[in-house]
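Working through the structure, step by step
Now for the letters of each chain:
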Amino acid sequence: MKIYLIHGTGKTAIFNKISQVKKEFAQDLVTEISGKESFENAKTKILTADLFSPKRLIILEDVAQINLGELGEDPNLTLILKFSKSLT
């Protein structure tokens, strides 16, 4: 699994980086999950593989209490952890 950690208040830079990563994936293989969902709900979506293409991108935005150890070792999964505030 490839993981990107993106955080901060630079909206343009964040948008540009996410757009750059998204270009590597078909639009229907990109899933965005907001912080309004619990990690358990997000985990279910992450662990549900696409039948026709193993290469997927999941963008988790401001999701609290993420446990990456529960996601396994899927080499075809790219995960973006996006936080709208700086992590200090």
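Refer to the structure presented above.
What comes next concerns the included structure. (Residues numbered from 1 in each chain as written. Predicted model: local features only at pLDDT ≥ 70, side-chain atom pairs only at ≥ 80, totals over all residues. Heavy atoms only, no water.)

1. A closer look at the nonpolar core
Membership of the largest hydrophobic core is limited to twelve residues, which are Ile-33, Phe-39, Ala-42, Ile-46, Ile-58, Leu-60, Val-63, Leu-71, Leu-77, Leu-79, Leu-81 and Phe-83. The set of elements that each furnish at least two residues to this core consists of helix H2 (39-47), strand E3 (56-61) and strand E4 (77-83). In terms of residue count, the dominant contributor to this core is E4 (four residues). In this structure Phe-83 touches Leu-5, Ile-6, His-7, Gly-8, Asp-62, Val-63 and Ile-66, once residues within four positions along its chain are discounted. Within the second largest apolar cluster, ten residues are counted, among which are Ile-18, Val-21, Phe-25 and Ile-59. (Core = buried A, V, L, I, M, F, W, Y, C linked by side-chain atoms within 4.5 Å. Buried < 20%, exposed > 50% of the residue type's maximum accessible area, 1.4 Å probe, protein only. Helix = DSSP H or I, 4+ residues; strand = E, 2+ residues; numbered from the N terminus. Contact = heavy atoms within 4.5 Å.)

2. A word on the pairing of E4
Counting buried positions along E4 yields seven of seven residues, so the element is predominantly enclosed. By the bridge criterion, six bridges tie strand E1 (residues 2-7) to E4 in an arrangement that is parallel. Across the sheet, the residue bridging to Leu-5 is Leu-81, located in E4. Of the strand pairs in this sheet, E3 and E4 are connected by six bridges, and their pairing is parallel. Among the inter-strand pairings, Arg-56 is bridged to a residue of E4, identified as Leu-77. (Pairing = 2+ DSSP bridges.)

3. Observations concerning H2
Buried within H2 we find Phe-39, Ala-42, Lys-43 and Ile-46. Down the axis of H2, the buried set is contained in an arc of 105°. They therefore lie on one face. The inward-facing, buried residues of H2 abut strand E2 (30-34), E3 and E4. (Arc of directions from axis to C-beta.)

4. Some words on the sheet that holds E4
With parallel pairing, the four strands of this open sheet are ordered in space as E1-E4-E3-E2. At either margin of the open sheet sits one strand with a lone partner, and together these are E1 and E2. Shown here is a sheet whose adjacent strand axes are inclined to one another by a mean of 15°, direction ignored. Helix H1 (residues 11-22) rests against E1, E2, E3 and E4 of the sheet, and its axis sits at about 160° to E1. Against the sheet, H2 touches E2, E3 and E4, its axis set at about 170° to E3. (Axes fitted to C-alpha atoms, helices over the stretch in contact; angles between N-to-C directions.)

5. Here we look at H1
An α-helical turn contains 3.6 residues, so any two residues separated by three or four positions project in the same direction. Under the 1.5 Å per step criterion, the end-to-end length of H1 is 16 Å for twelve residues, consistent within 8% with the ideal 16 Å. Within the sequence span of H1, burial applies to Ile-14, Ile-18 and Val-21. End-on view of H1: buried residues confined to an arc of 60°, all on one side of the axis. The exposed residues of H1 that point more than 90 degrees off its buried face are Thr-12, Ala-13 and Phe-15. In this structure, the buried side of H1 is in contact with E1, E3 and E4. (Expected span 1.5 Å × (residues − 1).)

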